[in-house]
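# Chains, contacts and geometry: an overview
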Amino acid sequence: MQFPLSFWDISLWLAVTSMILLVASELTSPRYGSASLLINKKALKNVATLTAIIFLITVLIRIYEIIRTP
Amino acid sequence: MPQSIAKPKRSFSRAVGWTFLFCGIVALVNSIIFASSILAFIGLGLAFWGALLIYLRQEKYVKAMLIDSTAISSIENLDKIITELKYKGKGIHLPPEYFKDPKSELVYIPKKEGAEIPLAEETSEEVFSQKTQGMFITPPGLDLTNYFENELGKKFAKADLKYLQNNLPKLFMENLEIAEDLEIEIENNTFHIKIMNSVYKDLCSKAREFSSICGSVGCPLCSSIACALTRATGNPIIIEKNNLSTDGNVIETHYRILGTIKRQTEVTSAEVSVPFKFAGRHLGYTLPDVVGLPIAAFGLAILFWVGWLTWYDITTWGKSLFLIFFGSRAGEAISAGIDMRVIYYLLIGSVLFLSGIFMFFRKRLRAHVEE
């Protein structure tokens, strides 16, 4: 038994998720965007930034692997 | 009563969150058992969004009209009291240093127009003072100023005007979203503050009907800014002029410092009003460090690697510097399949290192300049 997703599958999933979250966090301002979506915007922004950072780390790992492989 | 109405909505979103999380975990477990990547993607998505729904709690928002309805009666009462008792002077926001009790922060309204600021010894904790022939009341915007301090995580008594000029607009526009824009102009001992499209515009418009409030003690918003200025300067402040544009979108207020008083210790001035709670630092505050340092470290690692490679090529193969940096590396891992050369790595490393260092030190340099 093995987890069926590779590191790069998760990296791709993180890329898509972070994009959705980053766009959502910019559009959910009660003043300039959707006023009916009553969520903690600050927390959403934090999660979006964190997901984007994790994705960038996976990109860095990928670059490192490309450079390192003979 | 409103709590009992709001509760089912909150519990519904929580229930959805927990359901998503549970289904996600089940899908993830099944994906391992059946070796299915589709199930794994579904499980990952459901578990993540479920956890997100649980984490992102609902915020309480109220209609802007409620602000006006809640505050206007108190403002009207205050106006009636001041008018009927014939206190004609302009309200003077006095700093905490002015009072024996450093936790006090009051507005002094003189009985006569053009009266002078009372001496510190003459100030009173009672509302009506016989000595000064004036009244001391709590500023309508005092609690709002305390809230501003909590949001910014800094006591205005320990800050200066530059800090207010830099941070109040951000607070109004981004943190609290109570205005579309805020401008602060400082000229000698006067302050010109322009607030665009504020949620308080209706309240401000209504408060203008009460002559003893608008342009004297101030509506809660104008008074809160006066309190902030009083704390930052440590001097008495009056609201000199207050204008509202014809469409009601722009509130312009002129404040002026009245005289100068000697500050007592920083410690006493810091102990103002309600118990102080530092708000947690927003991720945006630490982001330059979180991003800047890894970028600089990554750039430095690339530069070290380029240095090592250059040294190795010179000592082992006896290559010239031109050939090392500009020579093609086709067939080697360095080329990464896109004909990457060592010079590109050198440039990438340098840019990453310099930009990371710049991001890291820029905040500190700015803080140093502000101090």
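Residues numbered from 1 in each chain as written. Chains lettered and ligands numbered in written order. Predicted model: local features only at pLDDT ≥ 70, side-chain atom pairs only at ≥ 80, totals over all residues.

### Notes on the overall build of chain A
When its secondary structure is counted, chain A shows 2 helices and 0 strands. Relative to its full complement of 70 residues, chain A shows a buried share of 19%. Put simply, 56% of the contacts in chain A that link residues at least 6 apart link residues at least 24 apart. (Helix = DSSP H or I, 4+ residues; strand = E, 2+ residues; numbered from the N terminus. Buried ≥ 20, exposed ≤ 12 C-beta atoms within 10 Å, placed from the backbone. Contact = placed C-beta atoms within 7 Å.)

### Describing the overall build of chain B
Within chain B, the regular secondary structure consists of 12 helices and 8 strands. Residue burial in chain B is summarised as follows: out of 371 residues, 29% are buried. In chain B, once contacts between residues fewer than 6 apart in sequence are set aside, the share between residues at least 24 apart is 63%.

### Structural notes on the pairing of strand E7 (residues 237-244) of chain B
Residues and elements named next belong to chain B. When strand E1 (residues 92-93) meets E7, the two strands line up antiparallel, connected through 2 bridges. Bridge pairing in E7 places His93 opposite Ile237. Taken together, the 7 bridges between E7 and strand E8 (residues 250-257) define a ladder with antiparallel strand orientation. Directly across from Ile238, in E8, lies its bridge partner Arg256. Hairpin connection from E7 to E8: 5 residues lie between these consecutive antiparallel strands, with Gly248 at a positive phi of about 80 degrees. (Pairing = 2+ DSSP bridges.)

### Here we look at the confidence of the model for chain B
Residues and elements named next belong to chain B. For chain B, the mean per-residue pLDDT works out to 78, and 81% of the residues sit at or above 70. Confidence over residues 1-6 falls short of pLDDT 50; this stretch has 0 contacts with residues more than four positions distant or in other chains. Predicted as a complex, the structure gets a pTM of 0.57 and an ipTM equal to 0.84. (pLDDT = per-residue confidence, 0-100.)

### Topic: the sheet that holds strand E3 (residues 128-129) of chain B
Pairing between sheet strands relies on hydrogen bonds along the backbone, with the strands arranged either parallel or antiparallel. Residues and elements named next belong to chain B. Read from one edge of the open sheet, 8 strands run E3-E4-E2-E1-E7-E8-E6-E5, paired in antiparallel fashion. Looking at the sheet topology across the chains shown, the edges are occupied by E3 and strand E5 (181-187). Here strand E6 (residues 190-196) runs beside E8; their pairing, made up of 7 bridges, is antiparallel. When the sheet's bridge partners are listed, Ile193 is paired in E8 with Thr253. Most of the contacts of helix H8 (residues 220-233) go to E7, to which it runs at about 145 degrees, and overall it touches E1, E6, E7 and E8. (Axes fitted to C-alpha atoms, helices over the stretch in contact; angles between N-to-C directions.)

### Re the nonpolar core
All names here are of chain B. In terms of nonpolar packing, the biggest core is built from 50 residues, with Ala207, Cys219, Ala226, Ala228 and Leu229 touching the most fellow members. Ranked by residue count, the leading element in this core is H8, at 8 residues. If you look at the next biggest cluster of nonpolar residues, it comprises 8 residues, including Ala296, Ile302, Ile324 and Tyr345. (Core = buried A, V, L, I, M, F, W, Y, C linked by C-beta atoms within 7 Å.)

### So, the packing of helix H1 (residues 7-27) of chain A against helix H2 (residues 41-68) of chain A
Residues and elements named next belong to chain A. At a minimum axis separation of 8 Å, H1 and H2 run at an interaxial angle of 150 degrees. The orientation of H1 with respect to H2, classified from their angle, is roughly antiparallel. Between H1 and H2 lies a crossing of left-handed hand. Across the interface between the two elements, Phe7, Ser11, Leu14, Ala15, Thr17, Ser18, Leu21, Leu22, Ala24 and Ser25 of H1 pack against Lys41, Leu44, Lys45, Val47, Ala48, Thr51, Ala52, Ile54, Phe55 and Thr58 of H2. For the contact of H1 with H2, the residue count by class is 12 nonpolar, 6 polar and 2 charged. (Parallel < 35°, antiparallel > 145°, perpendicular 65-115°, else oblique. Left-handed = near helix turned anticlockwise from the far one by under 90°. Nonpolar A, V, L, I, M, F, W, Y, C, P; charged D, E, K, R; others polar.)

### Some points on the packing of helix H4 (residues 142-152) of chain B against H8(B)
Residue and element names in this part refer to chain B. Look at H4 against H8: their axes get within 7 Å of each other, and the N-to-C directions meet at 60 degrees. Between H4 and H8, the angle falls in the class oblique. Considering the relative orientation of H4 and H8, their crossing is right-handed. On H8, the residues that touch Leu142, Leu144, Thr145 and Phe148 of H4 are Pro220, Ser224, Cys227 and Ala228. Of the residues in the contact of H4 with H8, the class split is 6 nonpolar, 2 polar and no charged.

### Points about the environment of Lys194(B)
All names here are of chain B. In this structure, Lys194 sits in strand E6. For Lys194, a count of 16 C-beta atoms within 10 Å corresponds to the partly exposed category. It is 5.7 Å that separates the C-alpha atoms of Lys194 and Ile251, two residues lying 57 residues apart in sequence. Contact partners of Lys194, with chain neighbours within four places excluded, come to Glu183, Val250 and Glu252.

### A short note on the environment of Ser69(B)
Along the chain, Ser69(B) falls in helix H3 (residues 64-84). Each C-alpha atom, one on Ser69(B) and one on Leu203(B), is 8.5 Å from the other, the two residues being 134 residues apart in sequence.

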